[in-house]
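Residue strings, one per chain:
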Amino acid sequence: MHSDSASPALKIAAGAGLLFLHLPILLIFLYAFTTEEKSYQFPPPGLTLKWFAVAWHRADIWPPLWLSVQVAAVATLVAIILGTLVAAAMAQTRFFGRDQISLLILLPIALPGVITGMALRSAFSVMEIPFSVWTIILGHATFCIVIVYNNAVARFRRLSGAIVEASADLGANGFQTFRHVLLPNLGSALLAGGMLAFALSFDEVIVTTFTAGQQSTLPIWMLQELVRPRQRPVTNVVAIVVFAVTFLPILAAYYLTRDGDQTAGAGK
Amino acid sequence: MSGSAILPVRGPGDRLSGLFWRRPRVLLALLLTPPLLWLGVVYLGSLIALLVQSFYSIDEFSGVVKEEFTLKTYAELFRAQNLDIILRTLAMAALVTLASAVIAFPIAFYAARYARGRWKAVFYLGIMLPLWSSYLVKVYAWKLILAKEGIVTWVATHVGAGPLLGRALDEQWFGGSSLSTSPVGTFIVFVYIWMPYMILPMQAALERVPGSMLEASADLGASRAQTFRTVILPLAMPGVVAGSIFTFSLTLGDYIIPQIIGNSARYIGLAVYQFQGTAGNLPLAAAFAVVPIAIMLVYLAIAKRMGAFDAL
């Protein structure tokens, strides 16, 4: 066997690849402090904190922010319930049509968002459903199911079937087993899946433009600013908020599922 | 112990549990009904509505959708300007997929074979964070980078490559007064946004390459490069193909990136968006949306043959 360390070329290529993925995001932070509001001049001519105050007092930012939070919360709740149900069914039994169902769950996220969006738009048009908050939620929940499902099904697989049997042997019925045995073991995986789903929904723009009508979520507000910029640094401040709202749940989800091997009954 | 070994039934919960135990199919049906109803009605129903809509046509004079079956709308896809959009999108998706594979492979290879302990976590988070963080924020970051007065121009002038960048931008195919208004800019941002989706399937495939095969290859006298070419690469190929499904499919349908960065050349996603919005031509928008589905079905069939599904 050859030496077990990577060649320098590989190290450089891998490191450069990771830098390519991370450096651009840092610039968003820098430009939120620039004194130049008409262009993206680099390096910024001066630094200031005033855009955070300006953004805070802009009345047009708050309603989209609130709408995004509401949509993401409801969509996440629906996704947690539906995702956990499918995961429970798929983890334990093999049945006819199992592969088709897993494809059906995956499709909304594997096909480009424009198809999901256009499909929903066609359905609303054919059935004459007017756009509302609920049409946005409908779309978001559909592609969030797979996120919760992925987390839940991985945990279900790691859970030893023996603890469910042990619970039954000790006289618990199915509901007691779910409440006292399954739920505590699934909890962190569901929380992680829920947070990822929230992050995905909070940030979603492609499907939303097709299902929102006149409503404006925060990403849609941002998209309008990108196409027709007004105060550019204010957009950066909002971008930092969006980034934080999506970044923190991802990090939390990682720490919640990292120790997933230590579920009850996995010691053997 | 007196009495029977069977516990007395304490209430409806016990009775239901008994039923589920004797007939697991009932439990399965109960678990699956709500999610399948949702996905079946909302998602599949919508896809069917999309198909139906694409067989309608629009009255050229009144602009009203005629709800009669016709192939006229699909025929419109083959008009020169529409065919142009489809071919441009296909070429872009193919290029983006190739470039993504080249950039993603070393990351996946290092993460799978060499990263240990703390570095494993660094790589995992280093791949997951950009993948999951806000799409729009990432696109916006590139608008800042590629702008005429932005960091790329600044770096180019400071390393003395300013004239080179200027000459490149003057070229016809490069197009645009700055990178943020040229197709090359669109390409860079596409690669940046969708490349992370390729790393994970690649990494998974590379991790499954058994160490014993590498040892056998070395024992038989293969050099590092030979082992890579004849053992590792063929075994990792299903993972590469699996990853390419995502980059290809997601590039096919994206309409935000070409709208914000590029020379306003149209792509399939943008065409769908514009036809359903300002143009009010829902049938043509629907027909355009069917194109990526059809392309992806062919792509998935090929990918399946190459064993990509086992790598997912």
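Up top you'll find the structure we're talking about.
The structure contained in this document is the topic of the report that follows. On a predicted model such as this, the values are computed, not experimentally measured, just so you know. (Residues numbered from 1 in each chain as written. Chains lettered and ligands numbered in written order. Predicted model: local features only at pLDDT ≥ 70, side-chain atom pairs only at ≥ 80, totals over all residues. Heavy atoms only, no water.)

A tally of helices and strands in chain B yields 16 helices and two strands. Radius of gyration (C-alpha) of chain B: 26 Å, far over the 20 Å computed for a compact globule of 312 residues. In terms of principal-axis extent, the alpha carbons of chain B reach across some 95 × 70 × 35 Å. Residue burial in chain B is summarised as follows: out of 312 residues, 52% are buried. Residue pairs at least 24 apart in sequence account for 66% of intrachain contacts in chain B once pairs closer than 6 positions are excluded. Summed over all atoms, the accessible surface of chain B reaches about 15200 Å², with 67% contributed by carbon and sulfur. (Helix = DSSP H or I, 4+ residues; strand = E, 2+ residues; numbered from the N terminus. Rg over C-alpha atoms; globule rule 2.2 N^0.38 Å. Buried < 20%, exposed > 50% of the residue type's maximum accessible area, 1.4 Å probe, protein only. Contact = heavy atoms within 4.5 Å. Areas by Shrake-Rupley, 256 points an atom, 1.4 Å probe, with all protein chains shown as cover.)

In this section: the interface of chain A and chain B. Taken together, the contacts link 89 residues of chain A with 84 residues of chain B. Summing both sides of the interface, chain A and chain B together bury roughly 8000 Å²; the carbon and sulfur share of this comes to 80%. Connecting chain A to chain B are zero salt bridges. Our count for the contact surface shared by chain A and chain B stands at twelve residue pairs in polar contact (both at pLDDT 80 or more). At 14 residues, helix H1 (residues 8–31) of chain A tops the list of elements feeding residues into the side of chain A that touches chain B. When the residues that make up the side of chain A that touches chain B are grouped by side-chain class, the tally is 62 nonpolar, 21 polar and six charged. (Buried area = accessible area lost by both parts, 1.4 Å probe. Salt bridge = Lys/Arg side-chain N within 4 Å of Asp/Glu carboxyl O. Polar contact = N/O pair within 3.5 Å; in protein donor to acceptor, adjacent residues only side chain to side chain. Nonpolar A, V, L, I, M, F, W, Y, C, P; charged D, E, K, R; others polar.)

Residues and elements named next belong to chain A. Residues Leu19, Leu23, Leu26 and Phe29 make up a contiguous nonpolar surface patch of about 370 Å² in total accessible area. In this fold, phenylalanine 29 is placed in helix H1. Look at phenylalanine 29 and you get partly exposed, because its relative accessible area is 30%. (Patch = residues over 30% accessible without salt bridge, like charges linked within 9 Å, V, L, I, M, F, W, Y side chains within 5 Å.)

For glutamine 276 of chain B, the position within the fold is in helix H14 (residues 268–276). Overall, the relative accessible area of 8% leaves glutamine 276 of chain B in the buried class. At 3.2 Å, the side chain of glutamine 276 of chain B forms a polar contact with the backbone oxygen of tyrosine 273 of chain B. Each residue touching glutamine 276 of chain B, except ones within four places of it in the same chain, is listed here: Met118, Arg121 and Phe210 of chain A together with Asn281, Leu282 and Ala285 of chain B.

Our focus in this paragraph is helix H6 (residues 133–158) of chain A. Residue and element names in this part refer to chain A. If you check H6, its first and last C-alpha atoms are 38 Å apart, about what 26 residues at 1.5 Å a residue would give, namely 38 Å. Maximum bend of H6: about 30°, positioned at phenylalanine 143. Within H6, 19 of the 26 residues are buried, leaving the element largely enclosed by the surrounding structure. The distance from a side-chain oxygen at the start of H6 to the backbone nitrogen of tryptophan 134 is 3.1 Å, and the residue carrying that oxygen is serine 132. (Expected span 1.5 Å × (residues − 1). Bend = angle between axes of the 7 residues up to and from the residue.)

Applying the stated rule across the entire model yields five salt bridges over all chains. Across the pair aspartate 60 of chain A and arginine 58 of chain A runs a salt bridge whose closest N-O atoms are separated by 2.9 Å. Residue class for aspartate 60 of chain A comes out partly exposed when judged on its relative accessible area of 27%. Here glutamate 207 of chain B ties to lysine 120 of chain B by a salt bridge, and the two come within 3.0 Å at their closest N and O atoms. With glutamate 207 of chain B in helix H10 (residues 196–207) and lysine 120 of chain B in helix H5 (residues 118–132), this residue pair connects regions lying 87 residues apart in the sequence. Under the relative-accessibility criterion, glutamate 207 of chain B is labelled partly exposed at 39%. The network of salt bridges with shared partners includes Arg58, Asp60, Glu225 and Arg230 of chain A.

Following the criterion strictly, the structure yields 29 aromatic pairs over all chains and no others. Ring centres of phenylalanine 124 of chain A and phenylalanine 131 of chain A lie 6.2 Å apart, and the angle between their planes is 85°; on these two criteria the pair is classed as edge-to-face. On the accessibility criterion, phenylalanine 124 of chain A (5% relative accessible area) is buried. Following the ring pairs from residue to residue traces out a cluster consisting of Phe105, Phe109, Tyr110, Tyr114, Phe123 and Phe228 of chain B. Taking NZ or CZ as reference, lysine 50 of chain A lies 4.5 Å from the ring centre of tryptophan 51 of chain A, over its face. Residue placement shows arginine 232 of chain A over the ring face of tyrosine 40 of chain A; its charged tip is 4.5 Å from the ring centre. (Phe/Tyr/Trp six-rings, centres within 6.5 Å; stacked < 30°, edge-to-face > 60°. Lys NZ or Arg CZ within 6 Å of the ring centre and 35° of its normal.)

Worth remembering: the numbers are spatial, not functional.
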